[in-house]
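One-letter residues, chain by chain:
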Amino acid sequence: MKLSYYGYSVERHSDGEKFLFDLRPFVEAFSKFQNVDFKNGFSHAGENVYLLRGGKDFYLYLIRVGFVPLKRIQVIKKIKSSDHSVSEINDMLQRDERLGFASYVYFGKGFIGFASTIMAPKTKSFSKFINDVFEAIGINDYNFLLHPFMQEATFADALQMPFIGRSSVQVSKENKLYEDIRDFFGGTAEEFSEVDSFEVTVKPRKRQNIDAAIKKIISSVDQSGLDKFICRAKEDLSDHLMDMYLVGKGMISDIIPKGADHEIYEAISAKVGDNDELKAKLGEHECHEGFKKEEPEVFSGFNNVD
């Protein structure tokens, strides 16, 4: 799974003032609150959503899908290995039970790490959920915001990578490669006048290292008119491939293995602690002059379960 990182802040509607403060006590108090009817009052796309505490600063953000009619759960079957008989997952559920799909949220001071599984709710839904909680308890003048932490590597960084996989280059008319590609097809400037750019993708054979080829491209490509250059690379042969944005910015992220919830939590905790780019961006986020570094008084009463 891909674990992506976001800074967060809270904006006051009435004057546009933005506040950066630790929301962890607020979120933890909400997760421990035991009013079932209240917790059942939050939804996304017509389905209930929940934020459940899984450990210190770790949460499951789940969407509970409906019963039989939904096409998206009709593809999920139960198969018995002894006789290959197939039955519906819904047949296993009791009347008040539903299937749930989970995303994993690490809530830090000033940032979150968010890892989403297939069919699980995404960050846009999560932002809306937090704002729905604000509204439900009467905090109507404030809005929860997420700020993607972006990164851009250098050509020198890529040249140091021992393993490089699938890569893509996008060039505009200012780049010589654009003209070379156009000429390859026998086209004229007039015929290609409305073509803004070309994107070339270099694909390796399965699990093969094409670092020599990509490093050759890196060393020779003209940087003028270079709109995008993305390499999938890894520093250690045992690591997972990560996107390196040599031109254009991508999100700071990590890859975590699938597993039991406690294994995922441990992996996320380790990645958060080891990611130097995250630490640098978080420092920039915390020092941003556009944020007031204080907790609005309206939140202080909601930082404990009582």
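Summarised in this report is the structure supplied together with it.

Some details on the overall build of the protein chain
A count of helices and strands for the protein chain gives 10 helices and 18 strands. Taking all 306 residues of the protein chain together, 42% fall into the buried category. Here the analysis covers contacts within the protein chain between residues at least 6 apart in sequence; of these, 65% occur between residues at least 24 apart. Accessible surface, the protein chain as shown: approximately 17,400 Å² in total, 50% of it carbon and sulfur.

Details of the pattern of salt bridges
A complete count under the given rule lists 15 salt bridges for this structure. Of the charged contacts, one joins E17 and K292 as a salt bridge, the two residues approaching to 4.0 Å between their closest N and O atoms. Of this pair, E17 sits in the loop between β1 (2-12) and β2 (18-19) while K292 sits in strand β18 (residues 291-292), and the two are 275 residues apart along the sequence. With a relative accessible area of 26%, E17 lands in the partly exposed category.

Some thoughts on the packing of aromatic side chains
With the rule as written, the count across this model stands at 28 aromatic pairs. Centre to centre, the rings of F19 and Y142 are 6.2 Å apart; their planes meet at 55 degrees, and the pair counts as tilted. Within this pair, whereas F19 is found in strand β2, its partner Y142 is found in strand β10 (residues 142-148), the two being separated by 123 residues in sequence. Look at Y142 and you get buried, because its relative accessible area is 12%. Between the aromatic rings of F192 and F198, the centroid separation amounts to 6.0 Å while the plane-to-plane angle is 50 degrees, which identifies the pairing as tilted. The burial state of F192 is the same as that of F198; both residues are buried. Feature note: the residues Y8, F30, F33, F38, F42, Y59, Y61, F107, F114, F126, F129 and F144 constitute an aromatic cluster, connected by ring pairs. Its end group placed over the ring of F30, K39 keeps NZ or CZ at 5.0 Å from the ring centre. When the ring centre of F163 is taken as reference, the NZ or CZ atom of K234 above it lies at 4.6 Å.

Looking at the nonpolar core
Membership of the largest hydrophobic core comes to 32 residues, with the highest contact counts inside it found for F107, I112, F126, F129 and F144. Secondary-structure elements contributing two or more residues to this core are β1, α1 (24-32), β4 (47-55), β5 (58-64), β8 (100-107), β9 (111-116), α4 (123-136) and β10. Non-local contacts of F129, meaning those with residues more than four positions away in its chain, are made with F30, F42, V49, L51 and Y61. Formed by 22 residues, the second largest nonpolar core is a distinct cluster that contains A153, M161, Y178 and L226.

Let's talk about helix α7 (residues 211-220)
What α7 keeps buried is the set D211, I214, K215 and I218. The buried residues of α7 occupy one face: seen down the axis, they fall within an arc of 100 degrees. Looking at α7, the residues exposed on the side facing more than 90 degrees away from the buried face are A212, K216 and S220. Buried residues along α7 sit in contact with α5 (155-159), β12 (163-172), β13 (197-202), β14 (226-234) and β15 (242-247).

So, the environment of K32
Along the chain, K32 falls in helix α1. Residue class for K32 comes out partly exposed when judged on its relative accessible area of 39%. When the C-alpha atoms of K32 and L51 are compared, they prove to be 9.9 Å apart, with 19 residues separating the residues in sequence. In contact with K32, other than residues within four places in its own chain, are R53 and V305.

What counts and what doesn't
- Residues numbered from 1 in each chain as written.
- Predicted model: local features only at pLDDT ≥ 70, side-chain atom pairs only at ≥ 80, totals over all residues.
- Heavy atoms only, no water.
- Helix = DSSP H or I, 4+ residues; strand = E, 2+ residues; numbered from the N terminus.
- Buried < 20%, exposed > 50% of the residue type's maximum accessible area, 1.4 Å probe, protein only.
- Contact = heavy atoms within 4.5 Å.
- Areas by Shrake-Rupley, 256 points an atom, 1.4 Å probe, with all protein chains shown as cover.
- Salt bridge = Lys/Arg side-chain N within 4 Å of Asp/Glu carboxyl O.
- Phe/Tyr/Trp six-rings, centres within 6.5 Å; stacked < 30°, edge-to-face > 60°.
- Lys NZ or Arg CZ within 6 Å of the ring centre and 35° of its normal.
- Core = buried A, V, L, I, M, F, W, Y, C linked by side-chain atoms within 4.5 Å.
- Arc of directions from axis to C-beta.

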